Amino acid sequence: MADLATTENAPDAACASLLALFRAEMGAAVVGAEIQRHEIIVRVHRDAWVEAATVAKRKLGLTYFCFISGMDWLDNPTQTSRYENVWGSVEEEVEGTEDGEPTAEGEPEAAAKLDPAPAAAPEAEAAANPAPASEAAPEPDPASEPVGFRTGVAGGDSRFQVMMRVVSPTAHRGLTIKADLDDTDPRVATLSGVYAGADWHERETWEMFGFWFDGHPNLIHIYLPHGFEGYPLRKDFPLLAREVKPWPGLTNVEPISGQAEEEVGAT
Amino acid sequence: MSDFLRSYLSVAFLAAAAMALVGGTLGLSRLIRPKRPTIEKLTVYESGVDPVGTGWSQSQIRYYIFALLFVMFDVEAVFLFPWALRLEAFGAFGLVEMGVFVVILLVGLFYAWRKGVLRWV
Amino acid sequence: MSTILHPIMGFVLAYWQQQVIKLAAILVAIPVGGLLLGYVFLMKMMAHMQSRLGPMEPGGFHGWFQNIGDAVKFIQKEDIIPAQADKWVFSLAPYVVVMSTFLLYLVIPVGPDLVVSNLSVGVFYALAVGSIGVLGVLMAGWSSANKYSLMGSLRAAGQLIAYELPLVLAVIGVVIQSGTMSMQGIVTAQQKFHIFGLNLGGMPFIVTQFPLFIIFMIAAQAELTQPPFDMPVAESELVTGYMTEYSGFRFLSFFLGEMGSAFALSAIAATLFLGGWYLPMPQSWINNNFADYIGPVILLTKVMFMAFLIFWIRFTYPRFREDQLQAIAWKYLIPISLLWIMVTAILKVAF
Amino acid sequence: MTSILSPTTTAALNPANPTELRQAAYIAQQAADVRVNVELETDSGMTINLGPQHPATHGTLRIIARLDGEQVISCEPSMGYMHRGYEKLTEVRTYPQITTLVNRIDWLSSFANEVPFILAAEQLMGIEAPPRAQWLRTLLFEMARIANVALFLGDMGVQLGAVTPVFYAFRDREHVLNQIESATGGRFHPNYDRIGGLKEDLPKGWIAETRTVIEKVVNFCNQMDDLLVGNEIFGARCRGVGVIPAERALDYGLSGANARASGIDWDLRRDSESPLVWNKLDWKVWTHPDGDSFARYWVRLQEVRESCKMITQLLDGLPAGPIMAKVPRIIKVPAGEAWVSTENPLGEMGYYVVSQGGLGPFRVKIRSASFNNISIVPWVTKGVFVPDIITILASLYFILGDIDR
C-alpha cells in the first residue's frame, strides 16, 4: 500500500519494454498506446487485429488468453436522463468533474501517455465528429436520437471498438488490444486460429455487440436463444423492463454510502 | 408327484407369490394414487429439454467380444461344476484333465489380453 | 428331509400346507428383510457415516419413521408410463426383478430343517435365478424409450458379462471342498470341515477359500449394482439409468429387489463361506431340533455382517468406469479364481 | 518474457528428474490419444443431452454430447439458461448497487466477486482502503475460497459416485459460512465491500471462533485426503482423464487451479500488484505437472490448506484502525478505464470498468473464470467415455452463474 503508492505513478519498466517490443513488431499499425499501472492498452488498426494477436502470442510470450469483448461508445441519452431525473441536484453539484480534469483526490490512472496524440483529448475529438455515429445507428432504431460518443483510454475513431486482453503468465504483464471498427459494418477477422479460446468470446461479442468475426467457424448464439434479434450490449438497445416501468431501486440507494461514511467518521 | 418335481414346484409357487406381491401392491396403490396424465409427464426425461430424436434411439454395443469370451468361460464353468462334485471319485486323473482344460482356457484368455481385445471400446 | 414344522408343532403337515406356510414366511421375510437392510444400513448407517441430517429426523428417535414414510410416499405416488414406452415390457420389468429376488430365497437354509426347498443343485440354482434380475433391468431400460435408460441397461448387460463369471467361479471352490451343490449340504460340510487335524466342531470355508470369498463379495457387489459398481444407475451420469422413467411403486419395486437381493446374496455368502446357520454347537442341538430355533438368529447375525460390508463399501468408494470393471473382472478376478480352484482341487485330491 | 515455450517446460519440469520427464511424455501421449480418437468412422451416433436439469451440471448447463456407444464423438456445452445480463444491468446501476449484482456471479464465493470490482472502482477514484479493511478483505476472500472449493472437494466425489465426501463438505463448509454470516450479515451474498473499505467491523469473539473453524477445515482436508485422494478407484477414474497440456490451457484462457494443475506456475495473488495483503503472508502456490483431473483435484485440495494457513496468519496480524477511508457522500467515479482481476476460487475474475464520470459505470466487462474454463470442454472431451465427461466437468469446476453472468 505505501510501497504501492510510490510505484503507482512510475511507468512500469516491464510494460514499457513490452510495449516497445510490440511497437517494433507492429510498426504503423499501432494507433494509440498507454500504460496504466501494470497494464498496457494499445489500439491497433483493425486490419492488423490478427497480426497483433499473433505477435503478442508468438513474439511477446503473452500466451494466456484472457477475454475478447467489445465497446460501444455511443452516449445513451435514455440512461443518462434516467440518472438526471433522480440525481438532478447531485449532478449540478459535481458538474465540474464531467469534462475537466478529475478533481477527486489523486489522479489514479496516472497514465504514462506514450502516444499523446489520440489519447490527449478524446472528448474533444469525440465532439469534433459526432456525425458518423448518429448516422451509423444500425437496426433496432433507438427511440431517441443518439447524441454522439466519447471514447476512453487510448482513444478511438469510431463508435465501436473490439478489445482483447492477453497476459504473459511468466512476466505477469497484461496487454489490452483495441481496434476501432466500422460503424455501419463492424467486422474484424477471427482470432480463433491464434487463441483457441477466442471462439466462445467472439460468439459472445457477436451476440452482444453485433461484431462480425470473419472466418469464425461457428458464429452462433451462445447465451441468447436462437433467433434473438438485436444486440443487447449496444447502447441503443432498449432495456425493456426499464422502459416499461421505472426501476424502484434507483431512489432508495443514496443513503447507503453516506451512512457508511458517517459511521466511520463517528468512530 | 415325485419329491424331485415337488421341490421345483416351489419355484413356481414362489414366482407366483412374487407376482402377487407386486401386482397386489400396485393394485392397492391404484386405489389411492392420482392419475392425471399430461403431455409433459408422458414425455421421456432428457434433462429437461425435449428429447432429441424419436426416443427409440440406437446405440452401439461394442462389447460383443467380451460376450463371446463370456460364453466360452460360462461353458467352462458348466463343465467345472460336475467335475467339482465328483472330484474325489476322479482323483488325480480328473485333476490333471481339468488342469489341462483350465490352462488351455487361461492361455486363451491371456492371448486375448495380449491381442488387446480386453479393451472396452 | 424332515418337514418344516415338525420340530415346532410335532406333527407332519401335508405338502401343500407346508408350502403355504413357507411361502407366507418368505412373503413376510423379503419385505421385512429388505426394509431391515434399508433401515439399518441404507438409512441409519448412512446417516451416521455421512453425517446426513434428513434421515435422522422423521418420527423422532433416530428417524425411525423414514422408511415407512418412504414406502407410503411411493405407494401413493402417481404411476407414470411414458407415452413412447413399450407399455407391456415397461410394466413387466419390475415383476421380473422382484421375482428374481424371491426365487433366491428358495434355497437358503436358515436351520437344519428350515429351508423351502433343498434343491440338490442349490448354489447353481441361486446363481441362475440371480441373473434373471438383469433381464428385468434390460427390459426396463429398453422399454423406457429413454437414452439414459438404454445406456444404463446396456451397461447392466455388460456388467452381467463381467461379474457373472467370477461369481460362478468363486462358488466352484466351495463346491469342490464340500462335494455338493446343495446349500444345506454345504452347511453340513462346514460342520465337518477341519484343517490340520484341528477339530473345533467345524470350520467355515472362508479359512481356505479366502481369495474366492473376496472375489464372491466383489462380484456380489457388482450384481447388486452397488457402488463402486453402480454404473447402470450412475446418478451423476445417467440419472439413475434404467430406473429413470419409473415412478411410484414400480420404482419402489426395483428398490425392493435391490435390497432383497442384497439380503439374499449376503445370506448366500454367509452360507457358503461363513457356515450359514451353523456355529460350533453340540451335535445334540441339531438332532433335537434346537438348532432350528437359534439357526435363524445366527444366520441373521452373519447376514447383517455381510450386508454391513456391502454397504460400508457402498458408502466409501467412488464408482468405477465400465471399462475398468471389465478389466478387473477379466484381468484379475477370473484368472485368480481359476488358479484358486486348481489349488483347492489339488489340495482336495492330495489330502 | 519472450519465450515461446510454455512455462511448463521451463518452470515446472526439471530435466534432471526422470519422473517429471516421464509424466511429461505421458501427458503428450494422452493428448495425442485424444486427438486420434476424434476420427470415429460412424454416423449412427446417439445424441444425448446432459442438462439443463441434470445432476452433473450443478446448475442449468446443457451439454449436448454425440455418442458412439459410450464414447464421445463431440460434446458441446450450451449455456444461457441463467444469463442475467449483468453487463447490461451495470449500465443502469450506480457503483454501490453493482456490488449486489456481482455478488451473484459465482454464488459460492460471493465475497470474492465483490473485491475486484470494488478495487477497480477504488483504483479509478484514487482511494485506498485502510489497512484493516484490506486485511479483512483478504481474510474474507480466503474464507469465501474455502466455502467454494470445499464444496468442490466434496462434489467431485459425488460426481464420481462417492456420496460421502459431499456431506462432509456441506458439514464443514457450514462453519465457514456461519463465520462469514456473523461478520458480514449475509450468508451467501455478503455485500460487505464498500468503495473505500468495508461495511462494518468484525463482531466480538469472531477471531477466536474463526480459529476453531479453520481447524475443522484442516481436518476436513485430511478427510478428503483419506477418502478420495488416497482412494485407488478415485485415482483410476481421474488420473489421465481430461489431460490438458499447459499450452492448451493458456490458449483457452484456463486460469486458477485448472491452469496450475497443468503446471503453469501462476497465481494472481502472488503475481499481481494488489492492495490486498497476500504478499505479506507466507504461503505457497501449488502446481501439478500432470494436467489431468486428479491434478486439478489435488491442487485445489492444497489450495484450501494454503487458505487455512493464510487465514491463521491474517487473524494473527490483523491491524487495528478504521475500516473505511474518507469517501465522498455520493460516489462519482472519474472518467477512465481500469482492469482489476483477482485470483478467485474458480480462477481469474476480472472487471474491465469504463467510467465516463457518472454515478454508474459506462461499461463493465466481466471476465469470469468459468466461461473460459468451460470453453475447453469440446476439445478435452473428444473421444472419452461418458463417465469421463462427468469427471472432466467436475474437475474443471464451474459455477453456472460464473459462466452465464
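Bear in mind that the values here come from a model prediction, so they are computed numbers and not experimental data.

Undergrad: Before we move on, can you summarise the nonpolar core with the specific residues and values?
TA: Judged by nonpolar contacts, the single largest core of 229 residues is most densely connected at Phe22(A), Trp83(B), Phe216(C), Phe311(C) and Trp330(C). Broken down by element, this core gets its largest block of residues, 19 residues, from helix α7 (residues 147-178) of chain C. Core analysis: the next-biggest nonpolar cluster, separate from the first, contains 96 residues, Ala112(D), Ala133(D), Trp135(D) and Ile311(D) among them.

Undergrad: Provide a residue-level description of the sheet that holds strand β1 (residues 46-50) of chain D, including the pertinent values.
TA: Residues and elements named next belong to chain D. The 3 strands lie next to each other as β1-β2-β3, forming an open sheet whose pairing is antiparallel. Each end of this open sheet is capped by a strand with a single partner; those strands are β1 and β3 (71-78). Within the sheet, the average angular offset between the axes of one strand and its neighbour, ignoring direction, is 20°. Relative to β3, strand β2 (residues 62-68) runs antiparallel, the two sharing 7 bridges. Looking across to β3, one finds that Ala 65 is bridged to Cys 75.

Undergrad: Break down the packing of helix α4 (residues 87-114) of chain B against helix α14 (residues 322-350) of chain C for me, with residues and values.
TA: At a closest axis distance of 10 Å, the pairing of α4(B) and α14(C) adopts a crossing angle of 165°. As judged from the angle between their axes, α4(B) and α14(C) are roughly antiparallel. Here α4(B) and α14(C) pass one another in a crossing that is left-handed. Contact residues: Leu87(B), Glu88(B), Gly91(B), Ala92(B), Leu95(B), Met98(B), Gly99(B), Val102(B), Leu106(B), Leu109(B) and Trp113(B) in α4(B); Trp330(C), Lys331(C), Ile334(C), Pro335(C), Leu338(C), Met342(C), Ala345(C), Ile346(C), Lys348(C) and Val349(C) in α14(C). Considered class by class, the residues forming the contact of α4(B) with α14(C) number 16 nonpolar, 2 polar and 3 charged.

Undergrad: An account of α4(B) is requested, with residue identities and associated values reported.
TA: Residue and element names in this part refer to chain B. Between its terminal C-alpha atoms α4 stretches only 33 Å, short of the 40 Å expected from 28 residues at 1.5 Å a residue. The largest bend in α4 comes to about 70°, at Phe 93. Among all positions of α4, only Leu 87, Gly 91, Gly 94, Leu 95, Met 98, Gly 99, Val 102, Leu 105, Leu 106, Leu 109 and Ala 112 are buried. Directly after α4, the chain includes Gly 116, whose backbone phi takes a positive value near 80°.

Undergrad: Can you break down the environment of Gly179(C) residue by residue, with the values?
TA: Along the chain, Gly179(C) falls in the loop between α7 and α8 (183-192). It is 37 Å that separates the C-alpha atoms of Gly179(C) and Phe315(C), two residues lying 136 residues apart in sequence.

Undergrad: Which residues make up the sheet that holds strand β3 (residues 64-72) of chain A, and what values go with them?
TA: To summarise the sheet geometry, strands pair through backbone hydrogen bonds and adopt either a parallel or an antiparallel arrangement. Residues and elements named next belong to chain A. If you walk across this open sheet you meet the 5 strands as β1-β2-β5-β4-β3, and the pairing is mixed. Two strands in the sheet have a free side with no partner beyond their single neighbour: β1 (30-36) and β3. Adjacent strand axes in the sheet meet at a mean angle of 20° when their direction is disregarded. Lying on the sheet, helix α2 (residues 13-26) is in contact with β1, β2 (39-44) and β5 (174-181); it crosses β1 at an angle near 175°.

Undergrad: Mind laying out unusual backbone geometry, listing which residues take part and the relevant values?
TA: All names here are of chain C. With an omega of 5°, the peptide bond running from Pro 227 to Pro 228 counts as cis. Structurally, Pro 228 can be placed in the loop between α9 (210-223) and α10 (235-238). Look at Ala 145: it is not a glycine, yet its phi comes out positive at around 60°. Take Ala 145: it is sitting in the loop between α6 (132-143) and α7. We note that Thr 225 has phi near 45°; this positive angle belongs to a residue other than glycine. For Thr 225, the location among the structural elements is in the loop between α9 and α10. The class of Thr 225 is buried, set by a relative accessible area of 14%.

Undergrad: Account for the packing of aromatic side chains, naming residues and giving values.
TA: Taken as a whole and assessed by the stated rule, the structure comprises 35 aromatic pairs over all chains. With a centroid separation of 5.5 Å and 85° between ring planes, the pair formed by Trp286(D) and Trp298(D) is classed as edge-to-face. Pair noted here: Trp286(D) is in the loop between α12 (268-271) and α13 (293-317) and Trp298(D) is in helix α13, with a separation of 12 residues, a long-range link. An aromatic cluster of at least three residues, connected via ring pairs, comprises Phe152(D), Phe234(D), Phe294(D), Tyr297(D) and Tyr397(D). It is Lys73(C) that lies over the ring of Phe74(C); its NZ or CZ is 4.7 Å from the centre.

Undergrad: Quick one: what's the story with the pattern of salt bridges, residue by residue and with numbers?
TA: Where charged atoms of side chains with opposite charge meet at close range, the side chains can pair. Tallied over the entire structure, the rule returns 37 salt bridges over all chains. Among the ionic pairs, Arg187(A) bridges to Asp214(A), the shortest N-O distance being 2.6 Å. Here Arg187(A), found in strand β6 (residues 187-189), pairs with Asp214(A), found in strand β7 (residues 212-214); they are 27 residues apart in sequence, far enough to count as distant. On the accessibility criterion, Arg187(A) (33% relative accessible area) is partly exposed. For Asp214(A), a relative accessible area of 35% gives the class partly exposed. Three or more residues are tied together by salt bridges with common partners; here these are Glu142(D), Arg145(D), Arg260(D), Asp267(D), Arg269(D), Glu303(D) and Glu343(D).

Undergrad: Give me the lowdown on empty space enclosed by the protein, citing residues and values where you can.
TA: Residues and elements named next belong to chain C. Per the counting criterion, the structure on display carries 10 cavities of 30 Å³ or more. In this structure, the largest cavity spans a volume of roughly 280 Å³. If you trace the largest cavity, you find 22 residues lining it, with Gly 133, Val 137, Glu 223, Leu 224 and Ser 261 closest to the centre. Broken down by secondary-structure element, the contributors of at least two residues to the lining of the largest cavity are α4 (87-104), α6, α7, α9 and α11 (248-274).

Undergrad: Before we move on, can you summarise the domain arrangement of chain D with the specific residues and values?
TA: Considered domain by domain, chain D is made up of domain 1 (7-40) and domain 2 (87-402). Domain 1 of chain D and domain 2 of chain D are separated by 29 Å when their C-alpha centres are compared.

Procedures and definitions
Residues numbered from 1 in each chain as written. Chains lettered and ligands numbered in written order. Predicted model: local features only at pLDDT ≥ 70, side-chain atom pairs only at ≥ 80, totals over all residues. Heavy atoms only, no water. Core = buried A, V, L, I, M, F, W, Y, C linked by side-chain atoms within 4.5 Å. Buried < 20%, exposed > 50% of the residue type's maximum accessible area, 1.4 Å probe, protein only. Helix = DSSP H or I, 4+ residues; strand = E, 2+ residues; numbered from the N terminus. Pairing = 2+ DSSP bridges. Axes fitted to C-alpha atoms, helices over the stretch in contact; angles between N-to-C directions. Parallel < 35°, antiparallel > 145°, perpendicular 65-115°, else oblique. Left-handed = near helix turned anticlockwise from the far one by under 90°. Contact = heavy atoms within 4.5 Å. Nonpolar A, V, L, I, M, F, W, Y, C, P; charged D, E, K, R; others polar. Expected span 1.5 Å × (residues − 1). Bend = angle between axes of the 7 residues up to and from the residue. Phe/Tyr/Trp six-rings, centres within 6.5 Å; stacked < 30°, edge-to-face > 60°. Lys NZ or Arg CZ within 6 Å of the ring centre and 35° of its normal. Salt bridge = Lys/Arg side-chain N within 4 Å of Asp/Glu carboxyl O. 1 Å grid on protein atoms, 1.4 Å probe; cavity = no way out; pocket = protein on both sides within 12 Å on 5 of 7 lines; lining within 4 Å. Points joined across faces, edges and corners; volume = space filled by probe spheres on them. Domains from an automatic or database assignment.

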